[in-house]
Protein chains: 2
Amino acid sequence: MAHRLEPLLNPRSIAIIGASDNPDRIGGMPIDLLTRFGYAGNIYPVNPKYDAVFGLPCLSCIEDVPENIDLAVLAIGAADVTAMLARCHARGIRAAIVYAAGFAEAGEAGAALQATMEAFVHESGMMVAGPNCMGFANLNSHVYTAFASVFRTAPAQNERGRVSLLTQSGNVCAAVFAIARELGVPFSHFINTGNEACVDFSAYLEYLAQDKDTEVVVGYIEELRNGQRFIEAASACAEADKPLILYKAGETDKGREAVRSHTSALAGDQEIYRAAFAQLNVIECQDFAQMAQMAELARYRDRAAGRRVAIVSISGAVGAILADKCIGNGLHVPTLPQALQDTLRAGIPDYGMVSNPVDVTGNVVNDPGFVRAALTALATTDAIDAIIVYAPGYLLDRMTDDLVVTAAEHRRLIVAVDTGRARRRDDLRKHGIPVMTDIGMTVAALAPFLRWHERRACKPWRALAARGNAKAGKAETAPISPTCNEYEARQYLSAHGVPGVAERVARSADETVAAAGALGYPVVLKVLSADVPHKTEAGGVRLNLKNADAVRDAYATILASVDRHVPHARIDGMLVQAMAAGGVELIVGATRDPVFGPALTVGLGGVLTELYRDVSHRLLPINADTAREMLRELKAFPLLDGFRNAPLRDVDAACDAIAAFSRAVMELGPAAAEVEINPLVVRERGQGVAMLDSLIVANAV
Amino acid sequence: MAHRLEPLLNPRSIAIIGASDNPDRIGGMPIDLLTRFGYAGNIYPVNPKYDAVFGLPCLSCIEDVPENIDLAVLAIGAADVTAMLARCHARGIRAAIVYAAGFAEAGEAGAALQATMEAFVHESGMMVAGPNCMGFANLNSHVYTAFASVFRTAPAQNERGRVSLLTQSGNVCAAVFAIARELGVPFSHFINTGNEACVDFSAYLEYLAQDKDTEVVVGYIEELRNGQRFIEAASACAEADKPLILYKAGETDKGREAVRSHTSALAGDQEIYRAAFAQLNVIECQDFAQMAQMAELARYRDRAAGRRVAIVSISGAVGAILADKCIGNGLHVPTLPQALQDTLRAGIPDYGMVSNPVDVTGNVVNDPGFVRAALTALATTDAIDAIIVYAPGYLLDRMTDDLVVTAAEHRRLIVAVDTGRARRRDDLRKHGIPVMTDIGMTVAALAPFLRWHERRACKPWRALAARGNAKAGKAETAPISPTCNEYEARQYLSAHGVPGVAERVARSADETVAAAGALGYPVVLKVLSADVPHKTEAGGVRLNLKNADAVRDAYATILASVDRHVPHARIDGMLVQAMAAGGVELIVGATRDPVFGPALTVGLGGVLTELYRDVSHRLLPINADTAREMLRELKAFPLLDGFRNAPLRDVDAACDAIAAFSRAVMELGPAAAEVEINPLVVRERGQGVAMLDSLIVANAV
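Read on for a plain summary of the structure. (Residues numbered from 1 in each chain as written. Chains lettered and ligands numbered in written order. Predicted model: local features only at pLDDT ≥ 70, side-chain atom pairs only at ≥ 80, totals over all residues. Heavy atoms only, no water.)

1. With respect to the packing of aromatic side chains
Aromatic ring pairs are defined here through the distance separating the ring centres and the angle between the ring planes.
Part 1: Tallied over the full model, the rule gives 31 aromatic pairs over all chains.
Part 2: Look at Y612(A) and Y612(B): their rings are 4.1 Å apart centre to centre, the planes differ by 25°, and that puts the pair in the stacked class. Of the two residues, Y612(A) is situated in helix α23 (residues 607-612) and Y612(B) in helix α23 (residues 607-612); the pairing between them involves two chains.
Part 3: Note on Y612(A): relative accessible area 6%, which makes it buried. (Phe/Tyr/Trp six-rings, centres within 6.5 Å; stacked < 30°, edge-to-face > 60°. Helix = DSSP H or I, 4+ residues; strand = E, 2+ residues; numbered from the N terminus. Buried < 20%, exposed > 50% of the residue type's maximum accessible area, 1.4 Å probe, protein only.)

What follows is the structure, given as structure tokens:
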């Protein structure tokens, strides 16, 4: 069955309402493009002012269209849009693209116009793209419903496209298309979403995930409207083994402010977007040129690859530079095994390096037999996963035959870098070898692509894709009131498997002393009150109390101090905790991101974590393996791992506790706005962890 | 008087020894290039095998050259080089370029060949470039002494060049030249230095600093042979207001290893290189494409500019992206003053942003008068220093007249960004407006260039340039033995103005108790011995001793423990210090970099500084202003500055102490390998600083 977006993205017939005979006007450009590039379906220009445009008869009104067509393109002003949609619907037209700006992005009046339009769309069931969008192109079907002059200026595409472009900005769509076409990337779909009144980014992404013409998706996001839906669409891309390359704008406050001024979506946390991308194996990028280069590279996804690269260079300097850049971008440049080095040394003079990077020197020019032997050795060793070959201009030309044969015989990815003007670039590309032209960009594009390669088999996105259902089921049966106090929060987390410390609640001085005696000295006292969130500042905490007198004294002091700081606080009692042994302190926190829902943050306790922003984020749920990844991502991880002869810490127990925290948070569902353990003390290896303080904050809804 | 490198870089006549008639061989390519591009001087090919090459008579030996010529190019094997240099010298030839590899970069035999050659050059006074270099080009004089095919494949240069390229790798020289020529950058000199047996990078840089054809220098460094000489040459560039753009390879261990395998210089610390570049106002870059783009931008150095930029974009999305990138690269994107926003609002619809970035929307197309008014307002406001205009293709064309008029009327730098194919790019460039074509690269090149602009007036390089003489004068009169103990080190630093704590040296238990009584309790005891560098680990330190008994007890414990850990340690006595009040702890250390000499490192004390690499480096000497810059560079600086309601610390006193440390280190001269204060305690504002521990390590020489 055809996908519901088929009439928008692959229409069999099109009306252009507000048609013009000027190819530079929005009502003329799509007709010019459709006729210029040979669209095979029927085209119906509609405008009472013309009899004919671009050699086609022009109808005076949409009611005159002689068939039930797939798509209407509305090149008319915002104020007239909804009425025209109704007429299209009445005429049996299934889908429409609305170019007009002046809707939700343009103040209150525009928002009202958009609301009216949305109501009509909802009621009619029509499929409407935009408003405020630049339209689409389906390059394989020659459907051009975009007013984008880039199709006239970019290099023409003669081969079948396999890369689809999906952006929330028309200008970005055009800019990336232009760069990528210069590189020769062949496109399938060109989609920009505009205001997404009725069809959002994730809906198009879902279409592309199942589109047989699309093997790679390149996208640009300002704000997603629905994180869960994105998770499902991105997971569908991953399941279909289609690389999804995304640029998310809004890295800085200023950038977010600028994005927000022209989008109407709720802003998600940029770090949570980044975490989501990592978990969904989305290839994140930060630049248009990088997007285009990645699209080019991703076309070679069938080659075997991973993060360990061999660098072969005719220049020692460029070899060193490539090594710097690879390592700086998270790739590995392993020293080659001695036997392989010996093989290479047979053809490389003393002053060329063979350990990796491999500096073949000018030698390649004189000894083509050696090139074949060296490439074969590198294509078959277990020590690496991919090969970068730097040889500019005619030097690459001379290696081309050997590269082509090697690529035919072995599946390993080989990337050629030519900063000159090699004549045989196309030969290489045709035979499975991408050719890059800039050294920095080669690594900037290759490194994320090779990370994608490593993760494509382990399918980390599956747990996330499933969470939509799991979460919905539990939301109504939250097993604890989110307005619980600290003790109850800890009991709840503890019941889910996060180890706590021995503790009791006491309601009087005598009970407090008795509890301390039962727990064993020294103890900690903490006031128990949902009205006193900042206990320490209110004088509500006393540490290291060594005997009954000290406890009795502290009891009185705490109550007096809290009463002074928070006069009418409701006091639930006094919490008596065994004083825990020291260790490395972690903060483990969950929040609800407005886009992606429950998300986890893990970091080291203390003030420097904040200054150094040394935290790791993930969407929930996660398991202990992911918890370990998160801890290892922390720059401070060595503190858990024996840094400078410090004891090894119980990382296994910490991972189990974080996974248990994940289960507890998922079970709480949307009722809790925030759940936090601060600190989770990580003791020496074998001695476990302990949550000393914890908190559940109810959702304000 | 002509510079001593003139015969190498601007010869009036040239012999090519080992000439060939094949334009692709190293003995043929320079002759092909010289004749092809119209070199005006005499060319003498030398090779007994030919009668003529490229239409020129070919001499059978160098002795047959009929005049005393400037330059011989040696396209012969390494083994024959020195003998041929001697023959050239005998024939009155002043300078030579040696292409051959197989010298210092190629094991012991090569090193011996190079030593022989160096001895001859030293004795004869001949000026010899290389060996192992690709040769030069002086594009304005049409001198091509390089075997570099890039001159045949890169776009031809028809205008006079003002940018010089100076690299330690021939391949890098060619690669950057190729990219920059595609951008239209016109070159003056093309220089690569090879093994630098007799003429090093800094010597060429000195030449370019005074060369009237060179306005911008773009360079690539693997290792400098002489840091002080580089400091002087780079300072000369700065004094001449010539931007110096440098790429230093060896960012990672692997990259350094690869660089070292083909250079013979001592490796300097990469962070110290970076510090030197910052102090010399060198524009650092990390990519060939970035180098080329910076070279293009630097041609517009006469425009007024600074770090506060206004972004004008026809696309809200691209405006947001540019803001993200500018801020991410250290530029400022200030909110524009309200009056200016009002001016802009007059021509921009409600849904376009006017605060900065300025989203002019499609409006520019319809209202060219507004464009002029908006550009004039931005070119004259005090709120910003530079303007970025994003308009792709025909949109930029439509703005070109207004941009040209604005640039003619105002000196402020305007940078145009065209991701389309605007037809009028050259118009803009001719009228002082650089045109960039990639959004990421625009900011990557612009940000360092604008930082250079900000520092060109404040001349931070002058103190450094002067230090060569200052240092040499003091080296022999070091006022303290560098084998001094901790107490003597502190006395020395204290005498130079670094505040210490009250302390005394005692030689017996009784003297120790008496000293403690005189200083006042509590006190700290530390064993005083040059043989016990790790005092704490050896049990040689006891803190917070509150009375005489505790001191007497600690005295015995320390001596026993030290004796156990370091059996035959020579004990100079016991150090008794007043226990200092707490504060933020800094580490202040000086080392001698093998390339640049005395260098300073400042960071926060404690184990996390190491994990987060949160330190700041400078070449010495520095003053208190630079010390403040260094502290502000620390990510942990907020801890000194009232972070989270912590008290403000005495940053002024810390800066004075660091400047005093600088003076003390410079006076010690090369005798000291390392000087360190750890910690320097920074108390609350007004209460000063105190050096608690310090160390001077003698140079092993």
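Having seen the model, we can carry on.
2. Observations concerning the environment of A636(B)
Part 1: Relative to the elements of secondary structure, A636(B) occurs in the loop between α24 (624-633) and α25 (651-668).
Part 2: Sequence separation between A636(B) and G38(B) is 598 residues; the distance between their C-alpha atoms is 60 Å.
Part 3: Dropping the residues within four chain positions of it, A636(B) is found in contact with L608(A), L611(A), Y612(A), L604(B) and D614(B). (Contact = heavy atoms within 4.5 Å.)

3. Considerations on the pattern of salt bridges
Part 1: Applying the stated criterion across every chain yields a total of 82 salt bridges over all chains.
Part 2: The partner of D24(A) in a salt bridge is R152(A), and the shortest N-O contact between them spans 2.7 Å. With D24(A) in the loop between β1 (13-17) and α2 (29-36) and R152(A) in helix α5 (residues 150-153), the pair connects residues that are 128 residues apart, well separated along the chain.
Part 3: Of the charged contacts in the structure, one is a salt bridge between E633(B) and R618(B), with a shortest N-O distance of 2.6 Å. Taken together, the residues span a long stretch of sequence, with E633(B) in helix α24 and R618(B) in strand β26 (residues 615-619) at a distance of 15 residues. (Salt bridge = Lys/Arg side-chain N within 4 Å of Asp/Glu carboxyl O.)

4. Quick look at the sheet that holds strand β11 (residues 187-192) of chain B
Paired through their backbone hydrogen bonds, the strands of a sheet run either parallel or antiparallel.
All names here are of chain B.
Part 1: An order of β9-β8-β11-β10-β12-β13-β14 is seen for the seven strands of this open sheet, with the pairing classed as mixed. Both outer strands of the open sheet, β9 (143-144) and β14 (283-285), are each paired with one neighbouring strand and no more.
Part 2: As paired elements, strand β13 (residues 244-248) and β14 share three bridges and run parallel to each other. Along β14, the bridge assignment pairs L246 with E284. (Pairing = 2+ DSSP bridges.)

5. Concerning the pairing of strand β25 (residues 597-604) of chain B
Residue and element names in this part refer to chain B.
Part 1: Burial within β25 is extensive, with seven of its eight residues counted as buried.
Part 2: Taken together, the eight bridges between strand β24 (residues 584-593) and β25 define a ladder with antiparallel strand orientation. When the bridges of β25 are listed, R592 appears paired with P598.
Part 3: Connecting β24 to the antiparallel partner β25 that follows it, the hairpin turn spans three residues.
Part 4: Across five bridges, the pairing between β25 and β26 is antiparallel. For T601, the partnering residue across the bridge sits in β26 and is H617.

6. Description of helix α21 (residues 509-519) of chain A
Residue and element names in this part refer to chain A.
Part 1: Within α21 the residues assigned to the buried category are T512, V513, A515 and A516. Down the axis of α21, the smallest arc covering the buried residues is 160°, so these residues share one side.
Part 2: Elements that come into contact with the buried residues of α21 comprise β20 (503-506), β21 (523-528), α22 (548-565) and β23 (573-578).
Part 3: The positive-phi residue at the C-terminal boundary of α21 is G520, with phi of around 95°. (Arc of directions from axis to C-beta.)

7. Some remarks on the pairing of strand β5 (residues 71-74) of chain B
Residues and elements named next belong to chain B.
Part 1: Residues L71 and V73 point to one face of β5 and A72 and L74 to the other, with burial holding for every one of them.
Part 2: Inspection of the sheet shows strand β1 (residues 13-17) paired to β5 by four bridges, in the parallel sense. Looking at the pairing, I17 lines up with L74 of β5.
Part 3: In this sheet, strand β6 (residues 95-98) lies alongside β5 in parallel orientation, the contact comprising four bridges. For A72, the partnering residue across the bridge sits in β6 and is A96.
Part 4: Following the chain from β5 across helix α3 (residues 81-90) to the adjacent parallel β6, one finds a crossover that is right-handed. (Right-handed = clockwise from strand over helix to strand, strands pointing away.)

8. Considering the sheet that holds β1(B)
Residues and elements named next belong to chain B.
Part 1: Reading across the sheet, the five strands line up as β2-β1-β5-β6-β7 and stay open at both edges, with parallel pairing between neighbours. Pairing within the sheet leaves two strands with one partner each, and these edge strands are β2 (42-46) and β7 (127-129). Strand-to-strand, the axes of this sheet are offset by a mean angle of 20°, without reference to chain direction. (Axes fitted to C-alpha atoms, helices over the stretch in contact; angles between N-to-C directions.)

9. Remarks on unusual backbone geometry
Part 1: That bond from G130(A) to P131(A) is cis: its omega, -5°, falls within 30 degrees of zero.
Part 2: Within the secondary structure layout, P131(A) lies in the loop between β7 (127-129) and β8 (137-138).
Part 3: For the bond from Y521(B) to P522(B), the omega torsion is -5°, close enough to zero to count as cis.
Part 4: For N645(A), which is not a glycine, the phi torsion comes out positive at approximately 70°.
Part 5: Tracing the chain through its elements places N645(A) in the loop between α24 (624-633) and α25 (651-668).
Part 6: Phi is positive for R613(B), which is not a glycine, with a value near 50°.
Part 7: Among the secondary structure elements, R613(B) is positioned in the loop between α23 and β26.

10. Here we look at the interface of chain A and chain B
Part 1: Residue-level contacts link 72 residues of chain A with 72 residues of chain B.
Part 2: Roughly 5400 Å² of surface becomes buried between chain A and chain B when both sides are summed, with 63% attributable to carbon and sulfur atoms.
Part 3: Here chain A and chain B share six salt bridges between them.
Part 4: Remark: the boundary between chain A and chain B carries 20 residue pairs in polar contact (both at pLDDT 80 or more).
Part 5: Among the secondary structure elements, those contributing two or more residues to the side of chain A that touches chain B are α6 (170-182), α9 (253-260), α11 (288-298), α12 (316-328), α18 (439-455) and α23 of chain A.
Part 6: Ranked by residues supplied to the side of chain A that touches chain B, first place goes to α12(A) with 10 residues.
Part 7: Looking at the side of chain A that touches chain B residue by residue, the classes come out as 38 nonpolar, 18 polar and 16 charged. (Buried area = accessible area lost by both parts, 1.4 Å probe. Polar contact = N/O pair within 3.5 Å; in protein donor to acceptor, adjacent residues only side chain to side chain. Nonpolar A, V, L, I, M, F, W, Y, C, P; charged D, E, K, R; others polar.)

11. Here we look at the nonpolar core
Part 1: Core analysis: the biggest nonpolar cluster contains 322 residues, and L8(A), F190(A), F230(A), F288(A), L8(B), F230(B) and F288(B) have the highest contact counts within it.
Part 2: Once you skip the residues sitting within four places of it in the chain, F190(A) turns out to touch G135(A), F136(A), A137(A), L139(A), A146(A), A148(A), V150(A), F151(A), L165(A), C173(A), A174(A) and F177(A).
Part 3: Judged by nonpolar contacts, the second largest core, of 93 residues, contains L604(B), A664(B), V682(B) and V689(B). (Core = buried A, V, L, I, M, F, W, Y, C linked by side-chain atoms within 4.5 Å.)

12. Considerations on the relation of the copies chain A and chain B
Part 1: Mapping chain A onto chain B leaves a residual RMSD of 0.1 Å; the transformation is a rotation of 180° accompanied by 0.0 Å of translation along its axis. Here the copies are linked by what is in effect a two-fold axis. Minimal C-alpha separation from the rotation axis in chain A is found for Y612(A), amounting to 3.8 Å.
Part 2: The share of interface residues of chain A whose copies in chain B are also at the interface is 100%, consistent with both copies meeting through the same surface. (Least-squares fit on C-alpha atoms with pLDDT ≥ 70 in both.)

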